[in-house]
Amino acid sequence: MNTRKQINLITLGCSKNVVDSEKLMARLRRGGYTLLHDSDEMSAQIVIINTCGFITEAKEESVNTILTFAEAKLRGDIEKLFVFGCLSERYRDDLRREIDEVDEFFGVNSMEDILASLGVPPAQAPVGERLLTTSGHYAYLKISEGCNRRCSYCAIPLIRGKHVSTPVEELVSEAKLLAGKGVKELMVVAQDTTFYGMDIYGERRLAALLNALSEVDGVEWIRLHYAYPAQFPDNVIDALRNNSKLCRYLDIPFQHVSDAVLKQMRRGVSRRQTCELIDKLRRRAPGIALRTTLMVGHPGEDEAAFAELMDFVREVKFDRLGVFTYSEEEGTYGAKHLKDALTQEEKQRRADALMKLQADISASLNHAKTGKTFRVVLDRTEGDYYVGRTEFDSPEVDGEVLITSPNPLRSGSFYNIKITSADEFDLYGEVEGA
Ligand code: SF4
């Protein structure tokens with residue numbers, strides 16, 4: 001195969017998929033290919049799609065993307081089409097039967113197979129080498145693969161398998177490589193970050209890992225995502241309070257608060273434990289911003305349970321909130337044992353009601369920041385604004401800070417920004433003392 005050919009790698013799904021794509025792209029480039037990422041152009045001879053198979057919408061997006069490039073291949077616009085990732089892992093045989101324009105389907109953890117199919121010999125690449133697809137000053141760091149939990153609605157353990165932690169030394173080497181490229185902010189991600197180390201060290205080692213990452217020269221901010229509420233390690237709370245490189249930010253999906261629904265979801269945590277953890281986080285890490293994800297319409301969520309969830313959101317006032325509607329996923333406990341009784345309209349009505357409540361909460365939390373000054377990392381320029389984020393904003397999912405400045409500002413640099421106004425999503429400000 002002529003290695004000078006160009007590859008367009010399309011990444012769908014979550015930040016863990018982004019990391020997988022970046023590692024594959026680095027190896028393909030070492031193999032002599034030139035790379036495009038998420039390009040709509042049909043200039044590349046070879047297209048590789050990293051798919052998502054999490055929920056119905058994500059699966060539909062993955063199938064539609066495959067079909068788009070299958071048609072391009074039929075038209076002769078591209079020569080080769082390869083598909084890997086979660087959807088392919090889960091439905092490989094069906095997809096192979098239905099879309100024969102695809103040259104090969106691979107599962108997850110299939111980098112070496114894809115490289116072999118593209119004639120790239122095994123190479124001694126530095127541990128964690130990545131071709132970054134995020135803007136150069138922030139990157140995701142995937143600390144483990146898979147999940148040992150069995151939440152009723154979730155197919156991820158069926159797709160990604162058991163929890164496998166990456167050793168601390170390898171993650172520190174990867175962080176050093178990233179910092180060497182100018183990365184200053186690391187988003188720590190996994191299916192379940194709080195379980196980190198239980199498999200390879202026999203104990204939870206997330207706090208030790210976060211502190212080790214904070215020793216890496218050049219890394220200024222470390223942000224913790226995908227924490228699990230049950231058995232939340234106290235030493236992680238201490239690290240969030242004491243380690244100035246750890247953003248006072250925590251993404252911790254609670255999914256629900258009703259004991260009856262949490263039981264049906266098999267989350268292994270109760271309403272009381274959930275509320276005690278939130279209280280402990282806010283007491284022992286003052287000023288921490290909490291992002292959570294909630295699911296509505298799960299079997300067993302009657303009107304009373306939904307009202308309880310609305311009250312929970314009204315009382316807790318999360319800084320960031322995402323809402324999913326329950327979708328029955330093949331092979332999960334929910335699909336096998338629970339009745340998906342609510343209509344999609346009713347699920348959507350509940351999701352909209354929660355998001356409307358959150359919009360008011362977010363607006364009041366943002367307005368309370370007016371007049372204050374925050375350290376902001378600059379991500380890009382957009383129209384008349386420089387756009388950045390405080391330590392309380394994760395890229396691509398949270399609000400931003402829109403900055404006006406008479407002097408040019410540099411992406412990837414930090415500035416002290418005085419907030420002059422706000423809306424429900426974003427803050428507006430200017431460089432302090434400018
Ligand atoms: S913790 Fe639950 S929701 Fe998250 S990946 Fe594991 S099984 Fe899925």
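Residues numbered from 1 in each chain as written. Predicted model: local features only at pLDDT ≥ 70, side-chain atom pairs only at ≥ 80, totals over all residues. Heavy atoms only, no water.

### Describing the pairing of strand 12 (residues 289–296)
Part 1 of the reasoning: By the criterion of burial, strand 12 is predominantly enclosed, with 8 of the 8 residues buried.
Part 2 of the reasoning: Alternating residues of strand 12 divide into A289, R291, T293 and M295 and L290, T292, L294 and V296, and every residue in both groups is buried.
Part 3 of the reasoning: Sheet topology places strand 11 (residues 246–251) next to strand 12; 3 bridges connect them, and they run parallel. When the bridges of strand 12 are listed, D251 appears paired with R291.
Part 4 of the reasoning: Of the strand pairs in this sheet, strand 12 and strand 13 (residues 320–325) are connected by 6 bridges, and their pairing is parallel. Considered in strand 13, the bridge of R291 is made with R320. (Buried < 20%, exposed > 50% of the residue type's maximum accessible area, 1.4 Å probe, protein only. Helix = DSSP H or I, 4+ residues; strand = E, 2+ residues; numbered from the N terminus. Pairing = 2+ DSSP bridges.)

### A word on the sheet that holds strand 12
Part 1 of the reasoning: The 6 strands are arranged 6-9-10-11-12-13 in an open sheet whose pairing can be described as parallel. Looking at which strands have only one partner, the edges of the open sheet turn out to be strand 6 (138–142) and strand 13. Between one strand axis and the next, the sheet turns through 20 degrees on average, direction left out of account.
Part 2 of the reasoning: Direction of pairing for strand 6 relative to strand 9 (residues 185–189): parallel, over a ladder of 5 bridges. Its bridge partner being in strand 9, A139 is matched across the sheet by L186.
Part 3 of the reasoning: Each of strand 6 and strand 9 is contacted by helix 1 (residues 15–30), which is oriented at about 95 degrees to strand 6, the strand it contacts most.
Part 4 of the reasoning: Taken strand by strand, helix 8 (residues 234–242) contacts strand 10 (221–224) and strand 11, and its axis lies near 135 degrees from that of strand 11. (Axes fitted to C-alpha atoms, helices over the stretch in contact; angles between N-to-C directions. Contact = heavy atoms within 4.5 Å.)

### A short note on the site of the ligand
Part 1 of the reasoning: Lining the immediate environment of the ligand, one finds C147, R149, C151, Y153, C154, I156, P157, Q191, Y228 and R267.
Part 2 of the reasoning: Here the shell around the ligand is composed, by residue class, of 7 nonpolar, 1 polar and 2 charged. (Near = heavy atom within 4 Å. Nonpolar A, V, L, I, M, F, W, Y, C, P; charged D, E, K, R; others polar.)

### Some details on the packing of aromatic side chains
Part 1 of the reasoning: One pass over the full model with this rule turns up 8 aromatic pairs.
Part 2 of the reasoning: Residues F54 and F324 carry aromatic rings whose centres are separated by 6.4 Å and whose planes lie at 80 degrees to one another, so their mutual orientation is edge-to-face. One end of the pair, F54, is in the loop between strand 3 (46–51) and helix 2 (56–74); the other, F324, is in strand 13, with 270 residues separating them in the sequence.
Part 3 of the reasoning: Among the aromatic residues, those joined into a ring-pair cluster are F254, F312 and F318.
Part 4 of the reasoning: The ring of Y226 has K16 lying over it, and the distance from NZ or CZ to the ring centre is 3.3 Å.
Part 5 of the reasoning: Of note, R223 hangs over the ring of Y249, and the distance from its end group to the ring centre comes to 4.8 Å. (Phe/Tyr/Trp six-rings, centres within 6.5 Å; stacked < 30°, edge-to-face > 60°. Lys NZ or Arg CZ within 6 Å of the ring centre and 35° of its normal.)

### Concerning the sheet that holds strand 17 (residues 414–422)
Part 1 of the reasoning: In spatial order, the strands read 14-15-16-18-17; together these 5 strands close into a barrel with mixed pairing. The sheet shows a mean angle of 55 degrees between the axes of neighbouring strands, direction not considered.
Part 2 of the reasoning: As paired elements, strand 15 (residues 385–389) and strand 16 (residues 401–404) share 3 bridges and run antiparallel to each other. Across the sheet, the residue bridging to G388 is V401, located in strand 16.

### As for the nonpolar core
Part 1 of the reasoning: Formed by 54 residues in total, the largest nonpolar core has its most connected members in I143, F232 and L250.
Part 2 of the reasoning: Not counting chain neighbours up to four residues away, the residues in contact with I143 comprise S165, T166, L171, V188, V189, A190, T193, Y196, L206 and L209. (Core = buried A, V, L, I, M, F, W, Y, C linked by side-chain atoms within 4.5 Å.)

### Some details on the domain arrangement of the protein chain
Part 1 of the reasoning: For the protein chain, the domain assignment lists domain 1 (6–117), domain 2 (138–367) and domain 3 (373–431).
Part 2 of the reasoning: Placing a centre on the C-alpha atoms of domain 1 and another on those of domain 2 gives a separation of 28 Å.
Part 3 of the reasoning: With 19 residues of domain 1 in contact, the opposing surface of domain 2 contributes 17 residues.
Part 4 of the reasoning: Both sides together, the interface formed by domain 1 and domain 2 hides about 1,700 Å², and carbon and sulfur atoms give 55% of it.
Part 5 of the reasoning: Ranking the residues of domain 1 by area buried against domain 2 places K16, F54 and R90 at the top, with a combined share of 36%.
Part 6 of the reasoning: Scanning the region where domain 1 abuts domain 2 turns up 5 salt bridges.
Part 7 of the reasoning: Ionic pairing is found between E329 and K59, a salt bridge with its closest N-O pair at 2.9 Å.
Part 8 of the reasoning: Examining the composition of the side of domain 1 that touches domain 2, we find that 7 residues originate from one element, helix 1, more than from any other. (Domains from an automatic or database assignment. Buried area = accessible area lost by both parts, 1.4 Å probe. Salt bridge = Lys/Arg side-chain N within 4 Å of Asp/Glu carboxyl O.)

### Regarding the packing of helix 8 against helix 10 (residues 271–284)
Part 1 of the reasoning: Here helix 8 crosses helix 10 at 35 degrees, and the two axes come no closer than 9 Å. In terms of crossing hand, the pair formed by helix 8 and helix 10 is right-handed. For the pair formed by helix 8 and helix 10, the contact residues are D234, I237, D238 and R241 on the first element and K280, L281 and R284 on the second.
Part 2 of the reasoning: A per-class count over the contact of helix 8 with helix 10 returns 2 nonpolar, no polar and 5 charged. (Left-handed = near helix turned anticlockwise from the far one by under 90°.)

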